[in-house]
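Analysis of the macromolecular model
The residues making up each chain are set out below.
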Amino acid sequence: MNNQDVKNLKKRYFIWLYKTAKETFDKYERKFTQVDIDKDILAEMEKELLGSYLPHEKDALQRQINDFQKYIENKEKACSELRDQHRKINPDFIFSEIKLNAIEKVIVRGLGRRGLEEIRSLYEKEMAERILKSTEH
């Protein structure tokens, strides 16, 4: 096996390592970012409700907005329970972050900063494609 073959094998392993560690870490983190986005959406919906709707329309819309607000509150509570366990930070969450950081450092040592950026870009592209494909059906 020549040097290029070895480098290619290492790169593919780095890609796999990054993908699996990032997916695990994202399982935790996405819930928190979703809550932030959901709150922004709720605020925009509440502003929209102040627009020119008839009273019966406003009542129906307000009920749906209230349901969405409860959904956000439940998601936020679940996030807190996921991250914290009886005031102790969830060790699985911490481990996933530590592992991802370690993998990124090893990738930089092996492939350089550009190599890490390429792997991150490949990962983001894959995740976006998964989302787009899942909504096609």
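Residues numbered from 1 in each chain as written. Predicted model: local features only at pLDDT ≥ 70, side-chain atom pairs only at ≥ 80, totals over all residues. Heavy atoms only, no water.

Turning to the overall build of the protein chain, a few remarks are in order. Regarding its fold elements, the protein chain presents 3 helices and 2 strands. In sequence order, the protein chain lays out its α and β elements as α-α-β-β-α. Radius of gyration (C-alpha) of the protein chain: 21 Å, far over the 14 Å computed for a compact globule of 137 residues. With the C-alpha coordinates of the protein chain rotated into their principal frame, the extents come out at 75 × 40 × 25 Å. Looking at the 137 residues of the protein chain, the share that counts as buried comes to 22%. Considering only intrachain contacts with a sequence separation of at least 6, the fraction spanning at least 24 residues in the protein chain is 69%. Of the roughly 10,500 Å² of accessible surface on the protein chain, a fraction of 54% belongs to carbon and sulfur atoms. (Helix = DSSP H or I, 4+ residues; strand = E, 2+ residues; numbered from the N terminus. Rg over C-alpha atoms; globule rule 2.2 N^0.38 Å. Buried < 20%, exposed > 50% of the residue type's maximum accessible area, 1.4 Å probe, protein only. Contact = heavy atoms within 4.5 Å. Areas by Shrake-Rupley, 256 points an atom, 1.4 Å probe, with all protein chains shown as cover.)

Take the packing of aromatic side chains next. Under the counting rule described, the total for this entry stands at 6 aromatic pairs. Note on F68 and Y71: the rings are 6.0 Å apart at their centroids and 15° apart in plane angle, and the pair reads as stacked. Pair noted here: F68 and Y71 are both in helix α2 (residues 55-83), with a separation of 3 residues, about one helical turn. Taken together, F25, Y28, F32 and F93 form an aromatic cluster joined through their ring pairs. (Phe/Tyr/Trp six-rings, centres within 6.5 Å; stacked < 30°, edge-to-face > 60°.)

Counting 14 residues, the largest nonpolar core has F14, Y18, L100, I103, I107 and I119 as the members making the most contacts within it. If you list the elements that add at least two residues to this core, you get α1 (3-49) and α3 (91-134). In this view, L100 contacts Y18, A21, K22 and F25; residues no more than four positions away in its chain are not counted. Core analysis: the second largest hydrophobic core is formed by 8 residues, F32, V35, F68 and I72 among them. (Core = buried A, V, L, I, M, F, W, Y, C linked by side-chain atoms within 4.5 Å.)

The topology assignment puts N3 in helix α1. You can call N3 exposed: its relative accessible area is 69%. Through-space distance from the C-alpha of N3 to that of S121 is 25 Å; in sequence the pair is 118 residues apart.

The next point concerns the layout of surface pockets. Reported here for the largest pocket is a volume of approximately 290 Å³. When residues of the lining of the largest pocket are traced back to their parent elements, those giving at least two are α1 and α3. Taken together, the residues of the lining of the largest pocket sort by class into 4 nonpolar, 3 polar and 6 charged. (1 Å grid on protein atoms, 1.4 Å probe; cavity = no way out; pocket = protein on both sides within 12 Å on 5 of 7 lines; lining within 4 Å. Points joined across faces, edges and corners; volume = space filled by probe spheres on them. Nonpolar A, V, L, I, M, F, W, Y, C, P; charged D, E, K, R; others polar.)

On to the packing of α1 against α2, then. Relative placement of two packed helices is described by the angle separating their axes and the distance separating the axes. For the pair α1 and α2, the least separation of the axes is 10 Å and the interaxial angle reads 160°. Between α1 and α2, the crossing angle belongs to the class labelled roughly antiparallel. Relative to α2, the crossing made by α1 is left-handed. Considering only residue class, the contact of α1 with α2 consists of 14 nonpolar, 3 polar and 9 charged. (Axes fitted to C-alpha atoms, helices over the stretch in contact; angles between N-to-C directions. Parallel < 35°, antiparallel > 145°, perpendicular 65-115°, else oblique. Left-handed = near helix turned anticlockwise from the far one by under 90°.)

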